Amino acid sequence: MIHSLFAQTVIAYLLIFAVPLVLPFAFIKLVGLGGLRTLVTYEARDTPLHNLDPRLKVLYPIGMGVLSILLTWKLMLIAFALTILPWFWLRPSRQKVRVLAVMVVGPGLAGFWGQGMYYLPPPPIHYLYKFPWTLAWLGSPGITTYGMVFGIEQTARVLVTVSTSMLILVSTDVSDFTWAFERFRAPPQVGFALTAALRFLPEMIARTNLVLRAVELRGYDMSRPKWYQFNRWPNYAKRLSRCVVLVTVPLLIGTLRGTTTMAMVADARGFGARKRRGSLRVHKTTAVDIWGYAILIALVVTALILNHLNVGARYYG
Amino acid sequence: MTEALAQGTGRLHAEDVSFAYLGAATAALRHVDLDVAPGEVVLITGASGCGKSTLALALCGLIPSRVHGELRGRVTFGGRPLSGLKPYEAAQLVGMVFQNPNLQLINQTVVSEVAFGPENLALPQPEIAARVEWCLSVTGMAGMRRASVVTLSGGQKQRTAIAATLAMRPRVLVLDEPLSDLDPVGAQEVLGTLRRLAAEEGTGVVIIEHRVDEVAPWADRVVLMDGGRVVLDQPPRAAWADRGPWLATGVGMPDTVRLAHALPELFPTQLPLSVEEATAALRDTWFATALAAAAAERARREPAAVPAPAPGPPVLSWDGVSVTFDGKPAVDDVTLAVGEGEWVALIGANGSGKSTLTGLTVGLGTPSRGTVAFRGQPVRPGKVFDHAAQVALLLQAADDMLFETTVLKELEFGFRFRARPPQPVLDVPEAIEFFGFAGREQDSPWELSQGGRQRLALAALLVGAPGVLVLDEPTTGQDADHMRAFLRLLDRVRARTGITIVTVTHDIRGLASRSARVVLLGEGRVRRDGPTREVFARPEELARWGVLAPPLARLQQDLTGPTTDVLLDVEELAAAALAHRPGVLAP
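Residues numbered from 1 in each chain as written. Chains lettered and ligands numbered in written order. Predicted model: local features only at pLDDT ≥ 70, side-chain atom pairs only at ≥ 80, totals over all residues.

**Here's the deal with the overall build of chain B**
Working step 1: Within chain B, the regular secondary structure consists of 26 helices and 20 strands.
Working step 2: Rg of the C-alpha trace for chain B: 25 Å, near the compact-globule value of 25 Å for 587 residues, within the 12% margin.
Working step 3: Expressed as lengths along the three principal axes of its C-alpha atoms, the size of chain B is roughly 75 × 65 × 50 Å.
Working step 4: Across the 587 residues that make up chain B, the buried fraction comes to 54%.
Working step 5: When contacts within chain B are restricted to residue pairs at least 6 apart in sequence, long-range pairs at least 24 apart make up 69% of them. (Helix = DSSP H or I, 4+ residues; strand = E, 2+ residues; numbered from the N terminus. Rg over C-alpha atoms; globule rule 2.2 N^0.38 Å. Buried ≥ 20, exposed ≤ 12 C-beta atoms within 10 Å, placed from the backbone. Contact = placed C-beta atoms within 7 Å.)

**Quick word on the overall build of chain A**
Working step 1: Summing up its helical and strand segments, chain A has eleven helices and two strands in all.
Working step 2: Dimensions of chain A along its principal axes, counting C-alpha atoms only, are 75 × 65 × 30 Å.
Working step 3: Counting all 317 residues of chain A, 30% fall into the buried class.
Working step 4: Contacts in chain A between residues at least 24 apart in sequence constitute 81% of all its contacts with a sequence separation of at least 6.

**Thoughts on unusual backbone geometry**
Residues and elements named next belong to chain B.
Working step 1: Pro 64 follows Ile 63 through a cis peptide bond whose omega is 10°.
Working step 2: Secondary-structure assignment places Pro 64 in helix H3 (residues 62–65).
Working step 3: With phi around 55°, Asp 333 is a residue other than glycine that occupies positive phi space.
Working step 4: Among the secondary structure elements, Asp 333 is positioned in strand E12 (residues 328–338).

**Regarding the confidence of the model for chain B**
Residues and elements named next belong to chain B.
Working step 1: Model confidence for chain B is summarised by a mean pLDDT of 87, while 95% of its residues fall at 70 or above.
Working step 2: Predicted confidence is poor over residues 1–8, with pLDDT under 50, and the contacts of this stretch with residues over four places away or in other chains come to eight contacts.
Working step 3: Note on the complex model: pTM 0.78, ipTM 0.76. (pLDDT = per-residue confidence, 0-100.)

**A few points about the interface of chain B and chain A**
Working step 1: Contact with chain B, which involves 56 residues of that partner, is made by 49 residues of chain A.
Working step 2: For the side of chain B that touches chain A, the elements supplying multiple residues, two or more each, are helix H4 (87–90), helix H5 (101–104), helix H6 (110–120), helix H7 (125–138) and helix H17 (384–388) of chain B.
Working step 3: At seven residues, the largest contribution of residues to the side of chain B that touches chain A is made by H6 of chain B.
Working step 4: Of the residues in the side of chain B that touches chain A, the class split is 36 nonpolar, twelve polar and eight charged. (Nonpolar A, V, L, I, M, F, W, Y, C, P; charged D, E, K, R; others polar.)

**Things to note about the packing of helix H13 (residues 255–262) of chain B against helix H26 (residues 570–579) of chain B**
All names here are of chain B.
Working step 1: Between H13 and H26, whose axes approach to 10 Å, the crossing angle comes to 45°. Comparing the axis directions of H13 and H26 gives the class oblique. The interaxial crossing formed by H13 with H26 has right-handed handedness. Note on element contacts: H26 touches H13 through Val 570, Glu 571, Leu 573 and Ala 574, opposite Asp 255, Arg 258, Leu 259 and Ala 262. (Axes fitted to C-alpha atoms, helices over the stretch in contact; angles between N-to-C directions. Parallel < 35°, antiparallel > 145°, perpendicular 65-115°, else oblique. Left-handed = near helix turned anticlockwise from the far one by under 90°.)

**As for the packing of helix H3 (residues 54–70) of chain A against helix H7 (residues 145–171) of chain A**
All names here are of chain A.
Working step 1: With their axes 9 Å apart at the nearest point, H3 and H7 run at an angle of 175° to one another. Comparing their axes, H7 and H3 come out roughly antiparallel. Judged by residue contacts, Lys 57, Tyr 60, Pro 61, Met 64, Gly 65, Leu 67 and Ser 68 of H3 engage Arg 157, Val 160, Thr 161, Thr 164, Ser 165 and Ile 168 from H7.
Working step 2: Looking at side-chain class alone, the contact of H3 with H7 contains six nonpolar, five polar and two charged residues.

**Structural notes on the pairing of strand E6 (residues 94–97) of chain B**
Consecutive side chains of a regular strand alternate in pointing toward one face of the sheet and then the other.
Residue and element names in this part refer to chain B.
Working step 1: Neither face of E6 is exposed, since Val 94 and Met 96 on one face and Gly 95 and Val 97 on the opposite face are all buried.
Working step 2: For E6 and strand E7 (residues 172–176), the ladder comprises four bridges, and the chain directions are parallel. Across the sheet, residue Met 96 finds its bridge partner in E7, namely Val 174. (Pairing = 2+ DSSP bridges.)

**Quick notes on the sheet that holds strand E8 (residues 204–208) of chain B**
Residues and elements named next belong to chain B.
Working step 1: Read from one edge of the open sheet, six strands run E6-E7-E8-E3-E9-E10, paired in mixed fashion. Since the sheet does not close on itself, it has two edges, and those belong to E6 and strand E10 (229–234), each with one partner. Each strand of the sheet is rotated relative to its neighbour by a mean of 20°, with strand direction disregarded.
Working step 2: Both E7 and E8 contribute to a ladder of five bridges, which runs parallel. By the bridge assignment, Asp 176 is partnered in E8 with Ile 208.

**Description of the domain arrangement of chain A**
All names here are of chain A.
Working step 1: Domain assignment breaks chain A into domain 1 (1–172 + 312–317) and domain 2 (173–283).
Working step 2: Put simply, the middle of domain 1 and the middle of domain 2, counted by C-alpha atoms, are 26 Å apart.
Working step 3: Taken residue by residue, the interface counts 13 residues in domain 1 and 15 residues in domain 2.
Working step 4: Of all the secondary-structure elements, those providing two or more residues to the side of domain 1 that touches domain 2 are helix H2 (32–39) and H3.
Working step 5: The residue makeup of the side of domain 1 that touches domain 2, split by class, is six nonpolar, three polar and four charged. (Domains from an automatic or database assignment.)

**Quick look at the sheet that holds strand E2 (residues 29–36) of chain B**
Residues and elements named next belong to chain B.
Working step 1: Ordered by their spatial adjacency, four strands build an open sheet running E2-E1-E4-E5, and the pairing between neighbours is antiparallel. Bordering the open sheet on either side are E2 and strand E5 (80–81), each of which pairs with just one other strand.
Working step 2: Where strand E4 (residues 69–77) lies against E5, two bridges are found, and the strand directions are antiparallel. Considered in E5, the bridge of Thr 76 is made with Pro 81.
Working step 3: In this fold helix H2 (residues 52–59) packs onto strand E1 (12–21), E2 and E4, with an angle of close to 120° to the strand it touches most, E1.

**Observations regarding the environment of Tyr 293 of chain A**
Working step 1: Inspection of the secondary structure puts Tyr 293 of chain A in helix H11 (residues 287–309).
Working step 2: Through-space distance from the C-alpha of Tyr 293 of chain A to that of Arg 55 of chain A is 9.7 Å; in sequence the pair is 238 residues apart.

**Examining H7 of chain A**
Working step 1: Between its terminal C-alpha atoms H7 of chain A stretches 38 Å, which fits the 39 Å expected from 27 residues at 1.5 Å a residue.
Working step 2: By the largest-angle criterion, Leu 159 of chain A marks the main kink of H7 of chain A, which is about 25°. (Expected span 1.5 Å × (residues − 1). Bend = angle between axes of the 7 residues up to and from the residue.)

**A word on helix H14 (residues 275–282) of chain B**
Residues and elements named next belong to chain B.
Working step 1: Of the positions making up H14, those classed as buried are Val 275, Ala 278 and Leu 282. For H14, the angular spread of buried residues about the axis comes to 65°, placing them on one side.
Working step 2: Looking one or two residues beyond H14, the residue adopting positive phi is Asp 284, at roughly 65°. (Arc of directions from axis to C-beta.)

**Remarks on the environment of Pro 86 of chain A**
Residue and element names in this part refer to chain A.
Working step 1: Its place among the elements puts Pro 86 in helix H4 (residues 73–90).
Working step 2: Using a count of 18 C-beta atoms within 10 Å as the deciding quantity, one classes Pro 86 as partly exposed.
Working step 3: A C-alpha to C-alpha distance of 22 Å links Pro 86 and Leu 36, two positions 50 residues apart in sequence.
Working step 4: Among all residues touching Pro 86, those that are not within four sequence positions of it are Leu 49 and Leu 167.

**Some details on the pairing of E4 of chain B**
All names here are of chain B.
Working step 1: Bridging between E1 and E4 involves eight bridges; their strand directions are antiparallel. Considered in E4, the bridge of Ser 18 is made with Arg 72.
Working step 2: In this antiparallel pair of consecutive strands, E4 and E5, the connection spans two residues, and Gly 78 shows a positive phi of 55°.

So this is what it looks like as structure tokens:
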């Protein structure tokens, strides 16, 4: 029975749609708009990571990004593991861990699954599950071992940058970024743009959440059908798209009012008054900073050498 | 600029200032004259739309540099016109604190917010550090310097905004409704900070505020505005000596002042501006004796002041309900029932769980324990669409509840998605008539006044068939006239429909006092539940949970000692005292 064409087709369709269906569900259940709001919020603590030289913090994701480009295969996985370690040091809140886990595991799973189905190594191909012709005509002959391994590597490549960026956002007050940018001779507007974005993104998400609640309270049906109520899903999608139009007016008006006030506040606080800004922060380079710089430089140099020597290089066919 | 900055003892002066917004047909300000001396506290009040906020922008030099329109007259500090200065130069003379602290906190932590201004001025690090320390210290935020601004309470956010404004070292601070979003405790925090600034630092303070009871005791001058003009500018006692301008503009006076006007013989020398002053004036007078006698008689005659709800199951009930956010309890084991036709007010400090509790009635949020029910049927978390037909919840920001292009379409909005109820609380034509939208059906909701938009949102909820009306802070930021109008409207709605009303409010003096029953929440639990007049007779218990009893309630308790209940209306209080005046036969 399980080897019949019908059963194999059903299994194949379940496999192909499993991850794309699970991911949005996991996002809605575990993250949602509320969780997204906390994604980039700074968590004030007194850890060595918080007190690290802000310049190093700006350089860290860039350096790790370079690594993610240069390194391949297992070295990439090692680099990813290295980016995870500081999180244990930081000990973020449980809510943040939950959100970050979904935001990291989600794309990881998607990349791993997608490459498993659509990356085709040269023959002989080892299939974990070979799709019947009823599905193979869509372009994927099945889930391959090699494709999944390749997917893990590619996912790790992206996640290295995601993990390091998130780590820095969670542990760094935006004013420290501004300070670092200014030390790098970047215009103050760069720091201010980042400050405004990171400060007001959570506010914007909270406001969107409020307006979406308001539209439901006014009697707009946003209720989600059960997963098996296939006939109701098109109508749900239609209602969702119409809702975007409805909530745009109050969101737009609220946002315009808010930005006007914010612009006046920034003006009144003298933003742009001087070409160079002063700084409350006095950063004295510590041993931790020196170690941090040393490790980052060592990692980048090692990656360059390994890349040059073709160590760990891999033929993808 | 250096010269102007050096004039630390300069006065802020508005001279014949008129202003019309770009494209506006009428002027927002008309021939305004105003003078603020160092260390002086000026309370500016007036009906919504009278030009108070526009005057604040003009006083700070943001008109015309950032708010465009036609400006006449001039605003000067120490003789130097502010209109010729850049915003950051003007901000070092006159600083502005806006109404919503969320929109003026640009940085992520308290300390970086306060340092932002001095850093922009490229001051030397020791000067920045000194300013930051002083600002944090004077606003009482030194202990929270590293806190993330998103974790602060409303009062703390407002104090941080004040600290950040002070870091520019202004000689005068202008605050546009700084108390409107704050609970009584937060309001007292902010007022305490401003008091210190004026008294100890010599900072001139201009407060634009509707909550006159809280500001009156320490204002040096009161300015009343109407139609863009200053109609009165006098020291408080002189300002409130004549009720005429206040009645004409519909702007509220402090309760103690109203009491003095009702019983002038008791206050022969001066008007009382605070409960303490009123108590001092009334102690050992016939009034105190009469109040005690009236209270004793009420205790004998009136066993309960809450009208009995209609028989049958409660309209709303919370049974052992708990809600947790991030592992912390927001609502903790609440059991409560609201009967048919009742008007119940939920009061408590910010974060006491009021809005969480009412949100559960329409499926917003999920209880970690217990059940919420509407007419005995459990409310299912997340099923907002289903429950919104039964429970009409009006959010504080009524503007966020308007989505259509005309008033009529707004009222019809809900019927696009569900069938018209056979027996609505009000049908659409009735609602248009009842809420005063006749002739404005095709107007855009955004052409209505703020009060009009709130009425429209309320009307749009009532054209369905809800069994209960839940109002979340409906009178926040409204002047006395609008508030009275809204309360009258609620009375009319109740008289017409008999609908049950649950309000969440910080407005102890107005909205809560109007309801028959009050539920006091503290740290997520019900701390007191009873007739309004009895709950407000416990000022110490209210204070323990972050609520300041209404001025009249505190006055009665101060004069008579603990009583089982208090009277909350000036006219009622005066009548009760006169009826029990020694030598007058008891009714």
